[in-house]
Amino acid sequence: MTEIFVHADLTQLAHCQSLLEEAGIESVIQNETTHDLIVGLPDPLRQPRLCVTNDADAGRARELLRDVESAGQKETPEWKCPQCGEIVPGNFGTCWKCEAPRPAAD
């Protein structure tokens, strides 16, 4: 088993796992539940991580996820939902609360 991607956001890891699954690469997410056992204290050893089950797939998996990792490094500003007023993360295209679409940039 080889670690491919580490991220605090489980949804990001699940997305990456789906991409690998579509490419026929088996993987598992480790530390799904242990990362938040000690609230407020960052612990790199408990960070959720995506691992491929077959070590031979590691290089191909990293190549597939390269764009995902670089996209995650770009900061996108949060936006306010025009329908419900909720503050939504910049990488969301719709409001997480009411599912209203992100307004067009002025």
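Details of the structure are given in the entry above.
What counts and what doesn't
Residues numbered from 1 in each chain as written. Predicted model: local features only at pLDDT ≥ 70, side-chain atom pairs only at ≥ 80, totals over all residues. Heavy atoms only, no water. Helix = DSSP H or I, 4+ residues; strand = E, 2+ residues; numbered from the N terminus. Buried < 20%, exposed > 50% of the residue type's maximum accessible area, 1.4 Å probe, protein only. Contact = heavy atoms within 4.5 Å. Areas by Shrake-Rupley, 256 points an atom, 1.4 Å probe, with all protein chains shown as cover. Pairing = 2+ DSSP bridges. Axes fitted to C-alpha atoms, helices over the stretch in contact; angles between N-to-C directions. Expected span 1.5 Å × (residues − 1). Salt bridge = Lys/Arg side-chain N within 4 Å of Asp/Glu carboxyl O. Lys, Arg positive; Asp, Glu negative; His and termini not counted.

Draft legend 1. Molecular detail of the overall build of the protein chain. Helix and strand counts for the protein chain stand at two helices and five strands. Looking at the protein chain residue by residue over its 106 residues, the buried ones come to 25%. For the protein chain, restricting intrachain contacts to residue pairs at least 6 apart in sequence, the fraction spanning at least 24 positions comes to 46%. Taken as a whole, the protein chain presents about 7,400 Å² of accessible surface, with 50% of it coming from carbon and sulfur.

Draft legend 2. Representation of the sheet that holds strand β3 (residues 49-52) within the structure. Pairing in this open sheet of three strands is antiparallel, and the strands run β1-β3-β2 from one edge to the other. For this open sheet the edge positions go to β1 (2-6) and β2 (27-30), each flanked by a neighbour on one side alone. Within the sheet, the average angular offset between the axes of one strand and its neighbour, ignoring direction, is 30 degrees. Of the pairings in the sheet, the one linking β1 to β3 comprises four bridges and is antiparallel in character. Paired with V6 across the strands is R49, a residue of β3. Contacts between helix α1 (residues 10-22) and the sheet are confined to β1, β2 and β3, with β2 contributing the most and set at about 170 degrees to the helix.

Draft legend 3. Seen up close, α1. Spanning 13 residues, α1 covers 18 Å between terminal C-alpha atoms, matching the ideal 18 Å at 1.5 Å per step. Just past α1, the residue G24 takes up positive phi, approximately 80 degrees.

Draft legend 4. Representation of the pattern of salt bridges in the model. For the coordinates displayed, the defined rule picks out three salt bridges. Taking the shortest distance from any N to any O, the salt bridge between R49 and E3 comes out at 2.4 Å. Placement of R49 in strand β3 and of E3 in strand β1 is noted, with a sequence separation of 46 residues between them.

Draft legend 5. Representation of the environment of Q83. Looking at the secondary structure, you find Q83 in the loop between β4 (79-80) and β5 (87-88). Overall, the relative accessible area of 60% leaves Q83 in the exposed class. Between the C-alpha atom of Q83 and that of E99, which follows or precedes it by 16 residues, the distance is 9.2 Å. Contact partners of Q83, with chain neighbours within four places excluded, come to C98 and A100.

Draft legend 6. Region of interest: the side chain of D57. Topologically, D57 is positioned in the loop between β3 and α2 (58-73). Of the buried charged residues, D57 lacks a salt bridge, with R60 as the closest side chain of opposite charge at 4.5 Å. Filtering out sequence-adjacent residues up to four positions away, D57 remains in contact with I25 and V52.

Draft legend 7. View of the environment of T53. With respect to the helices, strands and loops of the structure, T53 is situated in the loop between β3 and α2. Counting along the chain gives 50 residues from T53 to E3, while the straight-line C-alpha distance between them is 9.1 Å. Excluding residues within four positions of it along the chain, T53 makes contact with M1, E26, S27 and V28.

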